[in-house]
Every structure is written in structure tokens, then in C-alpha cells.
Amino acid sequence: MKKRIFFMLFFYSIYVTYSQEKVTDSLQSKALEEVIVTATRTERSLSSLPLPSAIITADAISKAGVTRLSDIIAEQTGLITIPDFGGAEGIQMQGLDAAYTLILLDGVPLIGRSAGTLDLSRISVGNISSIEIVKGASSSLYGSDALAGVINIITKKPKEDVFSGTGTYRYATFETQDANLDFVWKKKAFSGSVFTNYFATDGYDLNEATPEKTVEAYQNVTIQPKFYYDFSKRLQLVLGTRFYHQEQDYKATIDSERYKGLSKIMEWDTQIKVSQKWNASIDSEYELYATNYKTDEFLNDSQGFAFENSFYNQWVFRPEIRTTFSFPKSKITTGLGLNHETLDRTYFASEVVFNSQYVYLQYDYNPSKKWNILTGFRLDNHNQYQSQWSPKIAANYKLNTHLSLKSSIGYGYKAPDFRQLYFDFTNSAIGYAVFGYNVAEERLNALDNQGQVLFRTNGIDFSSELKPESSVNLNLGSFYEKHNFKWDTNVFYNAISNLIDTKVIAQKTNGQNVFSYFNIDEIFTYGFENNFHYSFHSNLKFSLGYQYLIAKDKTVLQELDSGTVFARDANTLESFQLKKTDYFGLFNRSKHTANFKVLYTISKLKTTFNLRVFYRSKYGIVDSNNNQILDQYDVFVKDYFLTNLSITKTFNQKMSVQIGSNNLFNFKNPDQISAISGRQLFARIQFNL
Amino acid sequence: MNTKLIQLSIFSLFIFFTSCTNDDDAVTVTPVSLETKTVTNLYAPQTGGQGQPTAGAFTKFSFSENQIVASDNWDIAFRGTTLIVNGGEAIGLTDEPTRTGDGAVSKVVGTFNTVTTIPDAASFAQDGSGTYAFAEPWYDYNGTTHIITPKAGTIYVVKTHDGKYAKFEILSYYQDAPANPDMTSVSRYYTFKFVYQPNNTTHF
């Protein structure tokens, strides 16, 4: 009943804001209207938004029975979790790597991408009210990193006078424990929430032959208090902070000598926000965000002597002011901010500082009932690389009450990261070296003076700055909704230039190479995404998601055109020339990914069954025939299915029990996929205060 | 039935054309079809390696004789993954054979059959003190599996010790040339195929 009222209120607020275009809507569809804030930084109805986007609700997360953000993200159409070398699980969106998706927590960016990937398993889903996903370049609002898209995690916020608490305990295979305690209250002007999570797992081992496990045991704690105070209806304060601490066993065997250590992550972020309503049409938000991401890692030999030590310590301070002007037919959002970022880490000569200032402007215009036009730009001025100007324009056309068409074109960019500019790394065992672009020349000269350089690669020049990676993104989609049927589709295209990759800059006298980072490649991705939802009745719902993807490197296509790429015949062992059709594309990209979900509720038993099946077609992870491209003669990871099932039974408002299994059919591919552990059974009990 | 007839007629046409050109010694006419020969399991042992100084006799090969030779009439020689040519100066290796010939090597990117002309003289290199005619490694090394794979699309045109030409492609470094060598495969057994041009033409 409460939910109903909430929806009605929701509907009312949307109705007021969008009275211009909503008059023709049926009451039914409005009551279910979903609202998204990430796409425009204002509350917007999802159906009229001209950008490809999706919302994952708290209810969907709860029924899926997952505990970490990476788990639920991996269940969405077109989002594929890809582990990087360190095992961090990042997200591939529209065929672009994890480094190109911006991850926000309540609108502010999470940091700590030590190797480019932000590990999504760092985030507990216990206090999430919704996850908003906006696909396509979003640098016009969010600046760097928002090249493939943005994922915004929105935490629960009390809406009415309440005091409630939720306690959850979940136990799963591999001695995995997850415990949540979440309090939410609101009394008149003062409200808040305190969330704590404890997660521990024994890890798992896919290869018994090695002394190390595939994933070593680890545990982490999240404490996340958030307070809201309304000085008046016009002035509100939000104060939120989050602590995260993780410890993981670190083990290694080097030259048959066993080493043991510990790997620690400490994360802290704080957000202070004041919202001010000047009058009926002008709102401002003043936001101060500070965050620190720190890791410490050591490895000792069997006698307890230090073998390896490393650390990473990144800070970001970011004040921002946003103002929204609301007019009958349009909304203008402006923002102004600055970013101060520092990083000190092992393999950096000293602490490095990034400073940038930015402004953005967005115009959200409804010229008629049928049209919505969204346009904007952002300007970033940076002390390390050239200024970036990121425009975007999008339009939504409502053909009739059921069908709307949407299209967008935008610019996205990703600034060179600290590592690409300042890395100063020499491998002690093998002897190769990697230098960041900004320090490479100086370090190379130093090596030369020591007589360590055999020869330098011709034509290497550091005189111009390393450019940010940039993209042009196009989307064309439609949204159809009628009765119990919902269908959205989107065709996308991304062209990325100035992709940064390593290149050999010199050879050392020890025969090893010296690398640095350069703007080398041009890649493109295109494909389409489809989502069908059908409710037979309120107790039985189906959905089907599918993505088709092609991701290729332009330089490889040119090489194939000129006939300089070869492979060997498996029988005759003779070389033969590869054709363009032999080129599979970039690593880690599957042409087809699909998901099928069923949600079935037996009202009498208060029991819900949630079955999800996921498919991923074959993809490549190694160039097994050494011709520098992934072609159809390479060894591929075979296609596979994963099935997750969870059954939730509610006893009364106070308690619910859930059992289930992730990877029900125990799929494993130990040689090629280390991130899939095998079947995991779980049981969860939840108490509501 | 029909396809057989077509195949037969193509074959006879082929015979007709090749027999026509057989007696021609003019360079401009369709080149003589030379025989492609395959050498299997040419053993090229070495001692040392893995940080120790390498040594041991090179396995010397003659294209014209299509066999391993003990004389100075060798064209190329193998020891482990090291390849040398009978031309130029001594590199400075232990147990290096003496060079009496005027051989040289040119690397061509392509497939074996598409290499039909002899490359420019400028692209040929000889061994020298501290430098190899086979300048870049002819193989890729996988650090995980330790497997050595000949680079696809790498064809060598060799000027033999007596000034003739041969082209060759290395197919395998392992005994009996397995399609997918693994850690149990026995290495230092070369399989390669070659075409030797006995005449003084610019074609193969």
C-alpha cells in the first residue's frame, strides 16, 4: 500500500515538471514511470530520455540474491565483466574496455583504478536504492572517463518519517559470508542512514596443482553513514561518507621459492552537498567531494624477509556548483567545478599532481508534446594535456503514445592517466622497463649515460603532449511500451582515436626493451542492443536481452588490406595470407551476448522464483599464432551459458528467507576463465525492524 | 563426371604450357616451374644455452645438394635457434664454421608461393662481426609455454655460396613437425621447405 502512495507521489512530481508532454499519457503508464538522474543531472523520466539508459531497482537486486555490484552489473544486457591482470573485475560497455566507463556513487566518481580498471566488487549492493546506467559518451556532463558511459549507484534515502532497520546475513559456498546492517530514519527535518557491510570469502582454487589459489581468501568492511538536514524547504544539507577496508592474502611462487604477504585496500570518501531553491524556477547545488584510495601490499620470503613492497595513494578533491533553471518548456543546467588530484605510488619518482577546471551547460528542451531535445557541452582545462571540449546533442520523438524514437551524438574522452605519464618501472627479474610519456625522455637519457642503451627506436619523439583518447559516439534507438509489453532497442557506433598503447622506444644492452606510452591505435565498435519485457500478469514476468557487437582496430584492417598479415596452415604448416574476413576483432569481445530472465511469484506462498540464464559467444584472449591480431585461426574461449536461480520467501513484513545458486550447472573453464568459480550455493535471511 | 573432365583439361593445359616453356632460357618468359623440396628433422644441436655460453658444431646445409654437408660448400647453417649464412665475416661465435662462399640473406614478407622474384641486391645481408645476416629472430617465443614458433609470412631468399638463389620457409622447430607442439615436443629439429634456382635468372 505504501508503495502505491509513493508511486502516486512520484507520478505527481513528474507530472508537474513535464506537464507539457505528459498530458496524453494514460494514468497506468505514468504510475510506473521510472525516473533517472544520471543522464541530465536532473530528475527525468526514462521513457522520454533521448539517451540509451537503464535502471536496476533495489527490488531486482534483492530478488537476484547477489551481494556485490559486479554481480548485478554482469546480469545486464550489453554489460560484460572482464577481469584485468590483477583480477579486478571491470565492465565492458558498448564493446569498450572498463577504463572507459565512469563509476559514480551518488553522483560523485569513485577512484582507484591502479591498472585502469575500477574493481566493481568493491561495492556492496546492500544499501542501493537503484543503479542507473547511461550508455554512450557522456563527457558533455561528466568529463574524462565517461567515454563508453556512466554507471551511477544511488543509495537509499528516507522519504518520509520513519525509523527502520534491516539486518541480512548470507552464507554461500567457499565459506563466503555477507552481513548487512542498515538503519534508515527520518524525523521532520533530520534524516539519515547508516549502512555497514562485512564480506568474507575463502576464495577458490581452479588449479590444485599450484600452491596458490585462483582467488586467495579476502575480507572487507564497508561503513557508510549519510545524514540529511532540511534547514527549510529551500535549503537542505547532505553529509555522507564511506569507509572501505579490504585485506587479501597475497601468495606467490617465484623460482620454486614460496612467498607470502598481504594486500590491503583502504578507501574513504566524503560528500557534502547543500541544495538551495532560490525560487520556483532556480535551484542550486553546492557540492564538495573528497576521496582517498590507498593500497599497501607486501610479499615476504619464507624466512620473513621483505621481498616486495608496493603502495598506491590517490586523492581527489572536487568542489562543484550546479544550477538548474526551469522554464515551462525547458530546463537549463549549468555546472562549474575544479578537480585537484594527487597520486603517489611505487614506480613513481615522486608525487604527481593533476589540476583541472571545468564548466558545463545543458539545455533540455521540449518544443512540442512530441519532441525533446537535449544538448550540452563541457569544457575541461587541464594542467597536463590540452583542453577538452565535449559537445553532445540528442533528440527524442514521440511517434504515438506507445512508441518513441531516440538518437544521440556525442563526444567522449579519457585523459591519459598518471601511469601513462609518470610510470617509472624496471622489471627486476627480466630487466625490461616501462616509462610514462612525460618522464620517458629524461629516464632514457639517464640510462644512456649509464651505458645501458644499445639503440633507440627511430622516429621516437616526445616533443608534443600525449593526447587524450577521444571518441565520437552515435546512438539510434526506439522505445515501445504497450500494455504488458516493453521493448527497447538501440544501435550504437563508437569511433575512438588516439588510443594509448605501449611502444618500444629503445633496446637495452641486456637485450630487453624499454617501453613508453603513445597515441597509436584507432578502433571502432558498433552493434545493437535489444530488450524485451513481457508480463503475463503481475506474478509472471519475462525478459530477453541481446547484444550484437563488432569491435575492430582500424590499423589492423589496413594491414590486412595491404596483405602483410599471415598465419600458418595447421596441416601443411605453411604460411598463408589472411583476409579481412579472417579478422575476429579485439580481444575479449563476444559477438553475441544474451540473457533470459523469469520472475515468477506464487502469491499464496509469498514465494518468488527468479531464474536468469546468460549466454556469451566465443571470444579471444590470446594471439596464439603470434601474428599480432586475433584471427579465426587463434585459440578462442568457447561460448558458454551461466544460470542463476534464487527463491525468496517472505514470512511477514518482518522476515524473508532466500536460497539459490549462482552458476547452477557448475560451468568451469579453469584454463581460460579464472573469474568463474563454479557453482555457488547460498542461503540468506533478512530481518526488517 | 563433368568436373573430372574440366580438371583433366586444366591439367593437360598446364602440361602443355609448362612443357612449352621448359626449353626457354629467356628471363622474360613465364618462369620454369622449379621443384619445391621439404627437409624434415634437420637436427641442429647446441651445447650450453640458458645463460651458459653456447657451443657445438653448426649443421651445414646445401640447397643444391639438398642435404647436410661437411664441406665448405654449405649455404646456411643451423645451431639451436641460430642461423648463419656462408658469406661475410665471422660473427665471433664459438665453433663457427669458416666462410668461403659469397652467400647472403634477404627477408621477404609474403607466402612461399608469392615470392617469385629475387629481391633487390641491396636487401641482402651477410654475416659480420657481431651482426647476423638473419638479423631479426625467425621465430616467436612464448614465455609461458616456452614454445618456439616460426613467424608466419617470413620467407628467406638466400644467395648461395656459389651465387645461385634459393628461397626457404621454416615450418617447424620440433621433431616430426607437430601441428601444436607442447612442452614434450623435442626441439632443434628443423622442418623447412625450399626452392632452389640453379639458373641465373631473377625468378623462382
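Rules and cut-offs
- Residues numbered from 1 in each chain as written.
- Chains lettered and ligands numbered in written order.
- Predicted model: local features only at pLDDT ≥ 70, side-chain atom pairs only at ≥ 80, totals over all residues.
- Heavy atoms only, no water.
- UniProt positions renumbered as here; feature names shortened; annotations may be inferred.
- Helix = DSSP H or I, 4+ residues; strand = E, 2+ residues; numbered from the N terminus.
- Rg over C-alpha atoms; globule rule 2.2 N^0.38 Å.
- Buried < 20%, exposed > 50% of the residue type's maximum accessible area, 1.4 Å probe, protein only.
- Areas by Shrake-Rupley, 256 points an atom, 1.4 Å probe, with all protein chains shown as cover.
- Lys, Arg positive; Asp, Glu negative; His and termini not counted.
- Charge placed at Lys NZ, Arg CZ, Asp CG, Glu CD.
- Phe/Tyr/Trp six-rings, centres within 6.5 Å; stacked < 30°, edge-to-face > 60°.
- Lys NZ or Arg CZ within 6 Å of the ring centre and 35° of its normal.
- Pairing = 2+ DSSP bridges.
- Axes fitted to C-alpha atoms, helices over the stretch in contact; angles between N-to-C directions.
- Expected span 1.5 Å × (residues − 1).
- Arc of directions from axis to C-beta.
- Contact = heavy atoms within 4.5 Å.

As recorded in an unreviewed UniProt entry, chain B goes by the name HmuY protein, listed as coming from Flavobacterium profundi.

Going by an unreviewed UniProt entry, chain A carries the name TonB-dependent receptor and comes from Flavobacterium profundi. Of the comments in the UniProt record for chain A, the one headed Sequence similarities (unreviewed entry) reads "Belongs to the TonB-dependent receptor family." According to the UniProt record, the Subcellular location (unreviewed entry) comment for chain A reads "Cell outer membrane".

Peer 1: Could you give me a rundown of the overall build of chain A, with the residues and numbers involved?
Peer 2: The number of helices and strands found in chain A is 9 helices and 38 strands. For 689 residues, the compact-globule formula gives about 26 Å, and the C-alpha radius of gyration of chain A, at 26 Å, lands near that figure. Principal axes of the C-alpha set define a box for chain A whose edges measure 75 × 55 × 50 Å. Looking at chain A as a whole, 50% of its 689 residues are labelled buried. Total accessible area computed for chain A in this model is approximately 31,400 Å², and 57% of it derives from carbon and sulfur atoms. Across chain A, the 71 positively charged side chains and the 70 negatively charged ones have centroids separated by 12 Å.

Peer 1: Which residues make up the packing of aromatic side chains, and what are the values?
Peer 2: Residues and elements named next belong to chain A. Summed over all chains, the structure comprises 59 aromatic pairs over all chains. Of note, arginine 616 hangs over the ring of tyrosine 619, and the distance from its end group to the ring centre comes to 3.5 Å. Of note, lysine 618 hangs over the ring of phenylalanine 636, and the distance from its end group to the ring centre comes to 4.2 Å.

Peer 1: With reference to specific residues and values, describe the sheet that holds strand 12 (residues 165–174) of chain B.
Peer 2: Pairing between the strands of a sheet is mediated by backbone hydrogen bonds and can be parallel or antiparallel. Residue and element names in this part refer to chain B. The antiparallel open sheet is built from 5 strands, whose spatial order is 1-13-12-11-8. Of all the strands in the sheet, just strand 1 (36–43) and strand 8 (104–109) have a single pairing partner and so form its edges. Going across the sheet, the axis of each strand differs from the next one's by a mean of 30 degrees, ignoring polarity. Summarising the sheet, strand 11 (residues 154–159) and strand 12 pair through 4 bridges and their orientation is antiparallel. Note that in strand 12 the partner of valine 157 across the bridge is lysine 167.

Peer 1: How would you sum up helix 8 (residues 437–449) of chain A? Please name residues and give values.
Peer 2: Residues and elements named next belong to chain A. In a regular helix each residue adds 1.5 Å, so 13 residues correspond to 18 Å; helix 8 covers 19 Å between its end C-alpha atoms and thus fits that length. Tyr437, Val439, Ala440, Leu444 and Leu447 are the residues of helix 8 that are buried. Taken down its axis, helix 8 places every buried residue within 140 degrees of arc, on the same side. Away from its buried face, by an angle of more than 90 degrees, helix 8 presents the exposed residues Glu442 and Asn449. On its buried face, helix 8 sits against helix 7 (418–422), strand 24 (433–435), strand 25 (453–456), strand 27 (485–508) and strand 28 (513–537). Positive phi shows up at glycine 451, right after helix 8, with a value of about 75 degrees.

Peer 1: Summarise the UniProt feature "domain: TonB-dependent receptor-like beta-barrel" (unreviewed entry) in chain A; cite the residues concerned and give the values.
Peer 2: Residues given the UniProt feature "domain: TonB-dependent receptor-like beta-barrel" (unreviewed entry) here are residues 171–664 of chain A. Spanning residues 171–664 of chain A, this segment combines 5% helix with 66% strand, and its end C-alpha atoms are found 16 Å apart.

Peer 1: How would you sum up the environment of Ala58(A)? Please name residues and give values.
Peer 2: Residue and element names in this part refer to chain A. Summarising the element assignment, alanine 58 is placed in helix 4 (residues 58–64). Through-space distance from the C-alpha of alanine 58 to that of aspartate 182 is 14 Å; in sequence the pair is 124 residues apart. Here alanine 58 is in contact with Ile128, Ser129 and Lys156, once residues within four sequence places are set aside.

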